[in-house]
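Report on the structure
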Amino acid sequence: MNLTAAVMAPVFASKPSFLDAEEWLQEEVTGLPPADNNTMDTNLWVEPITGALVKARKQLQANMMLMNLPLFPDLNRLRKKPRYVPISNIIETGGMDDDLVNTFKNKVFKPRDDFIMILWALFGLCTFISGLFSFFFYKIVRDNQKESTLLIPKDSSKIAPVEPNPYTV
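Attention here is on the structure that accompanies the text. (Residues numbered from 1 in each chain as written. Predicted model: local features only at pLDDT ≥ 70, side-chain atom pairs only at ≥ 80, totals over all residues. Heavy atoms only, no water.)

Our next topic: the overall build of the chain. Scanning the chain for helices and strands turns up four helices and four strands. Going residue by residue from the N terminus, the α and β elements of the chain occur as α-β-α-α-β-β-β-α. For the chain, the proportion of its 169 residues judged to be buried stands at 15%. Within the chain, residue pairs in contact and separated by at least 24 positions form 47% of the contacts whose partners lie at least 6 positions apart. On the chain, roughly 13,900 Å² of surface is accessible, and the fraction owed to carbon and sulfur atoms is 64%. (Helix = DSSP H or I, 4+ residues; strand = E, 2+ residues; numbered from the N terminus. Buried < 20%, exposed > 50% of the residue type's maximum accessible area, 1.4 Å probe, protein only. Contact = heavy atoms within 4.5 Å. Areas by Shrake-Rupley, 256 points an atom, 1.4 Å probe, with all protein chains shown as cover.)

Here you go:
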(Lines give C-alpha, C1' and ligand atoms only; values in the text may rest on other atoms or scores of the structure.)
Protein backbone atom coordinates (compact mmCIF):
# COMPACT_ATOMS: atom_id res chain seq x y z
CA MET A 1 0.00 0.00 0.00
CA ASN A 2 1.48 3.31 -1.05
CA LEU A 3 1.55 5.82 1.83
CA THR A 4 3.73 8.41 0.04
CA ALA A 5 0.99 11.02 -0.24
CA ALA A 6 0.00 10.60 3.41
CA VAL A 7 3.47 10.91 4.97
CA MET A 8 5.26 12.92 2.26
CA ALA A 9 8.00 10.29 2.03
CA PRO A 10 8.46 7.09 0.00
CA VAL A 11 6.83 4.85 2.60
CA PHE A 12 4.88 1.71 1.76
CA ALA A 13 2.90 -0.65 4.00
CA SER A 14 2.93 -4.42 3.61
CA LYS A 15 2.38 -7.53 5.64
CA PRO A 16 5.34 -8.49 7.88
CA SER A 17 8.28 -10.10 6.07
CA PHE A 18 6.53 -9.22 2.79
CA LEU A 19 4.02 -12.02 3.37
CA ASP A 20 1.95 -12.76 0.22
CA ALA A 21 4.20 -10.45 -1.83
CA GLU A 22 6.33 -11.34 -4.80
CA GLU A 23 9.42 -13.45 -4.10
CA TRP A 24 11.93 -10.81 -5.19
CA LEU A 25 10.74 -8.48 -2.41
CA GLN A 26 11.48 -11.13 0.21
CA GLU A 27 14.86 -11.96 -1.33
CA GLU A 28 16.06 -8.32 -1.51
CA VAL A 29 16.24 -7.90 2.27
CA THR A 30 18.44 -10.14 4.38
CA GLY A 31 17.67 -10.91 8.01
CA LEU A 32 13.89 -11.04 7.72
CA PRO A 33 12.16 -13.85 9.58
CA PRO A 34 10.46 -16.33 7.25
CA ALA A 35 6.95 -15.34 6.23
CA ASP A 36 4.35 -17.33 8.18
CA ASN A 37 0.62 -17.14 7.46
CA ASN A 38 -0.36 -18.32 10.95
CA THR A 39 1.47 -15.62 12.93
CA MET A 40 1.87 -12.71 10.51
CA ASP A 41 -1.48 -12.45 8.78
CA THR A 42 -4.56 -10.52 9.86
CA ASN A 43 -6.83 -12.69 12.00
CA LEU A 44 -10.44 -12.13 12.98
CA TRP A 45 -12.27 -14.33 15.47
CA VAL A 46 -16.01 -14.04 14.87
CA GLU A 47 -18.82 -15.52 16.96
CA PRO A 48 -20.70 -17.77 14.50
CA ILE A 49 -24.27 -17.20 15.68
CA THR A 50 -24.35 -13.40 15.91
CA GLY A 51 -21.34 -12.46 13.77
CA ALA A 52 -19.92 -10.34 16.59
CA LEU A 53 -16.18 -9.72 16.53
CA VAL A 54 -14.65 -11.47 19.54
CA LYS A 55 -10.97 -10.85 18.88
CA ALA A 56 -8.89 -9.25 16.13
CA ARG A 57 -5.18 -9.12 15.32
CA LYS A 58 -3.60 -7.17 12.48
CA GLN A 59 0.07 -6.78 11.63
CA LEU A 60 1.60 -4.32 9.19
CA GLN A 61 5.15 -3.52 8.21
CA ALA A 62 6.20 -0.01 7.19
CA ASN A 63 8.84 -0.02 4.44
CA MET A 64 11.02 2.78 3.07
CA MET A 65 11.74 2.72 -0.64
CA LEU A 66 15.44 3.27 -1.47
CA MET A 67 16.54 4.09 -5.00
CA ASN A 68 19.84 4.74 -6.72
CA LEU A 69 20.01 8.53 -6.74
CA PRO A 70 23.02 10.53 -7.99
CA LEU A 71 22.67 12.96 -5.07
CA PHE A 72 23.53 10.23 -2.57
CA PRO A 73 26.76 8.41 -3.55
CA ASP A 74 26.29 5.80 -0.81
CA LEU A 75 23.22 4.50 -2.67
CA ASN A 76 25.20 3.83 -5.88
CA ARG A 77 25.58 0.18 -4.85
CA LEU A 78 21.84 -0.37 -5.23
CA ARG A 79 20.54 -1.97 -8.36
CA LYS A 80 18.48 -0.08 -10.89
CA LYS A 81 15.16 -1.16 -9.40
CA PRO A 82 14.09 0.27 -6.03
CA ARG A 83 14.62 -1.65 -2.81
CA TYR A 84 12.10 -1.70 0.02
CA VAL A 85 13.60 -1.76 3.49
CA PRO A 86 11.46 -2.47 6.57
CA ILE A 87 11.53 0.37 9.09
CA SER A 88 8.89 -0.73 11.63
CA ASN A 89 6.31 -3.36 12.48
CA ILE A 90 2.87 -2.42 13.69
CA ILE A 91 0.72 -4.90 15.61
CA GLU A 92 -2.85 -4.02 16.48
CA THR A 93 -4.93 -6.30 18.69
CA GLY A 94 -8.31 -5.95 20.25
CA GLY A 95 -11.08 -8.02 21.66
CA MET A 96 -13.74 -8.42 24.29
CA ASP A 97 -12.72 -8.34 27.93
CA ASP A 98 -13.98 -11.01 30.37
CA ASP A 99 -16.92 -8.93 31.62
CA LEU A 100 -18.12 -8.27 28.09
CA VAL A 101 -17.72 -11.94 27.17
CA ASN A 102 -19.83 -13.01 30.17
CA THR A 103 -22.48 -10.42 29.35
CA PHE A 104 -22.46 -11.59 25.74
CA LYS A 105 -22.86 -15.24 26.78
CA ASN A 106 -25.80 -14.39 29.05
CA LYS A 107 -27.55 -12.37 26.34
CA VAL A 108 -26.99 -14.81 23.47
CA PHE A 109 -26.56 -18.35 24.77
CA LYS A 110 -28.79 -18.32 27.87
CA PRO A 111 -32.01 -17.52 25.94
CA ARG A 112 -31.07 -20.13 23.32
CA ASP A 113 -30.48 -22.76 26.02
CA ASP A 114 -33.78 -21.86 27.69
CA PHE A 115 -35.57 -22.20 24.35
CA ILE A 116 -34.03 -25.64 23.80
CA MET A 117 -35.17 -26.73 27.27
CA ILE A 118 -38.72 -25.56 26.48
CA LEU A 119 -38.65 -27.54 23.23
CA TRP A 120 -37.53 -30.69 25.08
CA ALA A 121 -40.29 -30.18 27.68
CA LEU A 122 -42.88 -29.85 24.89
CA PHE A 123 -41.51 -32.97 23.22
CA GLY A 124 -41.81 -34.88 26.51
CA LEU A 125 -45.34 -33.61 27.07
CA CYS A 126 -46.40 -34.63 23.54
CA THR A 127 -44.84 -38.06 24.04
CA PHE A 128 -46.70 -38.50 27.33
CA ILE A 129 -50.04 -37.41 25.82
CA SER A 130 -49.60 -39.70 22.81
CA GLY A 131 -48.79 -42.57 25.19
CA LEU A 132 -51.97 -41.91 27.17
CA PHE A 133 -53.98 -41.69 23.95
CA SER A 134 -52.53 -45.01 22.76
CA PHE A 135 -53.30 -46.68 26.09
CA PHE A 136 -56.94 -45.54 26.16
CA PHE A 137 -57.42 -46.33 22.47
CA TYR A 138 -56.10 -49.87 23.05
CA LYS A 139 -58.38 -50.26 26.11
CA ILE A 140 -61.46 -49.10 24.17
CA VAL A 141 -60.72 -51.45 21.25
CA ARG A 142 -60.12 -54.38 23.62
CA ASP A 143 -63.37 -53.69 25.52
CA ASN A 144 -65.31 -53.49 22.23
CA GLN A 145 -63.88 -56.83 21.14
CA LYS A 146 -65.02 -58.43 24.42
CA GLU A 147 -68.54 -57.02 24.00
CA SER A 148 -68.82 -58.22 20.42
CA THR A 149 -67.79 -61.75 21.38
CA LEU A 150 -70.52 -61.76 24.07
CA LEU A 151 -73.22 -60.96 21.49
CA ILE A 152 -72.28 -63.85 19.19
CA PRO A 153 -73.68 -67.18 20.44
CA LYS A 154 -71.28 -70.08 20.54
CA ASP A 155 -73.70 -72.37 18.71
CA SER A 156 -74.01 -71.08 15.15
CA SER A 157 -77.12 -73.17 14.48
CA LYS A 158 -79.15 -70.83 16.65
CA ILE A 159 -78.37 -67.91 14.40
CA ALA A 160 -81.31 -67.08 12.18
CA PRO A 161 -80.51 -66.94 8.47
CA VAL A 162 -80.60 -63.53 6.95
CA GLU A 163 -83.25 -63.11 4.30
CA PRO A 164 -82.08 -61.43 1.10
CA ASN A 165 -83.45 -57.95 0.56
CA PRO A 166 -85.71 -57.94 -2.49
CA TYR A 167 -85.10 -54.25 -3.06
CA THR A 168 -81.37 -54.52 -3.64
CA VAL A 169 -80.04 -54.70 -7.11
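More follows now that the structure is in view.
This part covers the packing of aromatic side chains. Across all of its chains, the model carries four aromatic pairs by this definition. Note on W120 and F123: the rings are 5.7 Å apart at their centroids and 90° apart in plane angle, and the pair reads as edge-to-face. Residue W120 and its partner F123 are located together in helix α4 (residues 98-151), separated by three residues, close to a single helical turn. Residues W120 and F123 agree in their burial class; the two are exposed. Measuring from centroid to centroid gives 5.3 Å for F135 and F136, while their planes differ by 65°, and the two rings are edge-to-face. The ring of W45 is capped by K55, whose NZ or CZ atom sits 4.9 Å from the centre of that ring. (Phe/Tyr/Trp six-rings, centres within 6.5 Å; stacked < 30°, edge-to-face > 60°. Lys NZ or Arg CZ within 6 Å of the ring centre and 35° of its normal.)

This part covers the side chain of E47. For E47, the position within the fold is in the loop between β2 (43-46) and β3 (53-66). In contact with E47, not counting residues within four places along its chain, are A52, V54, F104 and F109.

Moving on, we get to the environment of V108. By secondary structure assignment, the location of V108 is in helix α4. C-alpha separation for the pair V108 and T50, spaced 58 residues apart in sequence, amounts to 8.1 Å.

Side chains of strand β1 (residues 11-14) alternate between two faces, with V11 and A13 and F12 and S14 buried alike. Bridge count between β1 and β3: four bridges; the pairing is antiparallel. Across the sheet, F12 pairs through a bridge with N63, a residue of β3. (Pairing = 2+ DSSP bridges.)

The next subject is the pairing of β3. Both β2 and β3 contribute to a ladder of four bridges, which runs antiparallel. Considered in β3, the bridge of L44 is made with A56. Counted between consecutive antiparallel strands, the loop separating β2 from β3 contains six residues, among which G51 sits at a positive phi close to 80°.

The subject of this paragraph is the pattern of salt bridges. Close approach of charged atoms lets side chains of opposite charge pair. Considering all chains together, one arrives at three salt bridges under this definition. Residue K15 pairs with D41 through a salt bridge whose shortest N-O separation is 2.8 Å. With K15 in the loop between β1 and α2 (23-28) and D41 in the loop between α3 (37-40) and β2, the pair connects residues that are 26 residues apart, well separated along the chain. Owing to a relative accessible area of 26%, K15 belongs among the partly exposed residues under this scheme. When its relative accessible area of 19% is taken as the criterion, D41 is described as buried. With a closest N to O distance of 3.2 Å, K58 and E92 form a salt bridge. Linking K58 in strand β3 with E92 in strand β4 (residues 83-95), this pair joins segments that are 34 residues apart in sequence. The class for E92 is partly exposed, based on a relative accessible area of 42%. When salt bridges that share partners are traced, they join K15, D20 and D41 into one network. (Salt bridge = Lys/Arg side-chain N within 4 Å of Asp/Glu carboxyl O.)

Here we take up the environment of L19. Counting through the fold element by element, L19 comes out in the loop between β1 and α2. Expressed as a C-alpha distance, the spacing of L19 and D36, which sit 17 residues apart in the sequence, is 7.2 Å. Apart from the residues lying within four places of it in its own chain, the contact partners of L19 are Q26, A35, D36, N37, M40 and D41.

Function-wise, these values are silent; they only describe arrangement.
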